[in-house]
Each structure stands twice: as C-alpha cells, then as structure tokens.
Amino acid sequence: MSYLLRFLILFLFSVSSVFSEELKLQESNINFIAIHPFKTVNGKCFGTTVSPMTLTQGPNGLQIPKLIKIEIPISQIKSGDENRDEHIIESLGYPTISNISFISTSVTAKENEWTITGNLTVKGKTKTIKSVATIQKEGQETALSGKFQVLMSDFDVERPSLLFATAKDEVTIEYKFVLKP
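Just so it is clear, the structure is predicted and the values come from calculations on it, not from any experiment.

Chemist: I keep staring at the overall build of the protein chain and nothing clicks. Help me out?
Modeler: Tallying secondary structure elements over the protein chain gives two helices and 14 strands in all. Residues classed as buried in the protein chain amount to 35% of the 181 residues present. If you take every contact in the protein chain between residues at least 6 apart in sequence, the share linking residues at least 24 apart comes to 57%. Carbon and sulfur atoms make up 55% of the accessible area of the protein chain, which totals about 11600 Å².

Okay, here's the thing in structure tokens:
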C-alpha cells in the first residue's frame, strides 16, 4: 500500500511540473500622468527593479508571489522636458532620497486579475495602496497591467504651479510587466 501511495505522489509531482513553465520578467513599464491646467504631463520611470524576476505559469494560472518589491530610482524619472524633470526629481526629495519603493502586503487572485495591496513609499512617507492588475496571455507573452491613483499631498510632494495655476493633486500611475519563457 505504501508503495502505491509513494508512486501516486511522485506521479502527481511529475505531472504538475510538466504543465508548468518558468516565466522571466522581460519588460517593466511604469508611467505617471499629472494634470496641470496648461499641460498634461506623461512621464516614464526608467531603471526600475522588480522582485521576483521569475514566476511560474501552471495549469491554474500564474503563481502568486509571496512578496512583490519594486524600486524606482528617482533620478531616472523622465517627462520629456529636462527643466521639468529637475523640478520633479527635486520635489521627490532627491538626492537625499534616491528611490520610490513599493512592497506588497497581500496579493489575491480572481480569474485573470490580481488584487495587490502594499506600501508605497515616496519622499520618506509610506501609504497603503491597492491596485487591480489584469493578466493577459498573448502567444508566449504574459502581461500584468493596471493603474492606481495617489495624491501628491499624501506624500508631502509640492504640487507644481505656473502663472497662479497649480497641478491637480492626483497623479495616475500606470504599470505593465511583461513575462516570457
């Protein structure tokens, strides 16, 4: 009896590994949108580090990681205008503070979505945020994408102003992570 039980357990483990594959992070895109009465600013965050770099795709979908960590170097935030970039970087506390960070506290799955909750730290202030990430599989690529909003005032970030007009407090953060075998 124990031989049969061991055989079944070994068989189940070998079958499950046949239907799973390792997916590696190939692209990470994090963008922001800030609205000023005179201009909508679309910015990009370069040099982002994401952990984990590899996830497993199994028969039940994409494996949920225990922890997600994201670091954005403030000096690598670009909006397409060097003068504006200098102001953005300065308002985020650079060079005293060099990164914006996110660390998840929970990730739950429902069909092709993950609800991700975690702590976002900007300019030394930490706030809990929640975002719903959509998982899309197209050919060999699996993409996680979503967005959320933050308020500059929650992080003591000075809202830019020009000619007595001040930018909206709300900033939209959009993200997309592409994984491939």
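There is more to say after this.
Chemist: Mind showing me how you'd approach the side chain of S91 here?
Modeler: Turning to its location among the elements, S91 is positioned in helix α2 (residues 82–91). For S91, a relative accessible area of 13% puts it in the buried group. Contacts of S91, omitting those with residues within four sequence positions, involve K123, V157 and E158.

Chemist: I would appreciate a short explanation of α2 in the present structure.
Modeler: Note: α-helices contain 3.6 residues per turn, so residues at a spacing of three or four share the same orientation. Looking only at α2, the buried set comprises D85, I88, I89 and S91. Each buried residue of α2 sits inside an arc of 165° when the element is viewed along its axis, so together they form one side. Opposite the packed face of α2, turned more than 90 degrees from it, sit the exposed residues N83, E86 and E90. For α2, the elements touching its buried residues are β1 (21–36) and β7 (77–78). Of the residues that open α2, the one with a side-chain oxygen 2.9 Å from the backbone nitrogen of N83 is D81.

Chemist: Just checking my understanding: could you explain a nonpolar patch on the surface for this structure?
Modeler: A cluster of nonpolar side chains, contributed by F38, L162 and L163, occupies part of the molecular surface with about 360 Å² of accessible area. Residue placement: F38 occurs in the loop between β1 and β2 (39–45). A relative accessible area of 53% means that F38 is categorised as exposed.

Chemist: Help me understand the environment of I100, please; the structure alone is not making it clear to me.
Modeler: As for its placement among the helices and strands, I100 is situated in strand β8 (residues 99–110). A relative accessible area of 11% places I100 in the buried class. Measuring from C-alpha to C-alpha, the distance between I100 and I72 comes to 5.1 Å, with 28 residues separating the pair along the chain. Apart from the residues lying within four places of it in its own chain, the contact partners of I100 are I70, E71, I72, I74, I77, L92, L120, T121 and V122.

Chemist: Hey, could you run me through the side chain of T172 in this one?
Modeler: Tracing the sequence through the fold places T172 in strand β14 (residues 170–180). Classification of T172 as buried rests on a relative accessible area of 15%. Discounting residues that sit within four places of it in the chain, T172 has contacts with N31, F32, I33, K147, F148 and Q149.

Parameters and conventions
Residues numbered from 1 in each chain as written. Predicted model: local features only at pLDDT ≥ 70, side-chain atom pairs only at ≥ 80, totals over all residues. Heavy atoms only, no water. Helix = DSSP H or I, 4+ residues; strand = E, 2+ residues; numbered from the N terminus. Buried < 20%, exposed > 50% of the residue type's maximum accessible area, 1.4 Å probe, protein only. Contact = heavy atoms within 4.5 Å. Areas by Shrake-Rupley, 256 points an atom, 1.4 Å probe, with all protein chains shown as cover. Arc of directions from axis to C-beta. Polar contact = N/O pair within 3.5 Å; in protein donor to acceptor, adjacent residues only side chain to side chain. Patch = residues over 30% accessible without salt bridge, like charges linked within 9 Å, V, L, I, M, F, W, Y side chains within 5 Å. Salt bridge = Lys/Arg side-chain N within 4 Å of Asp/Glu carboxyl O.

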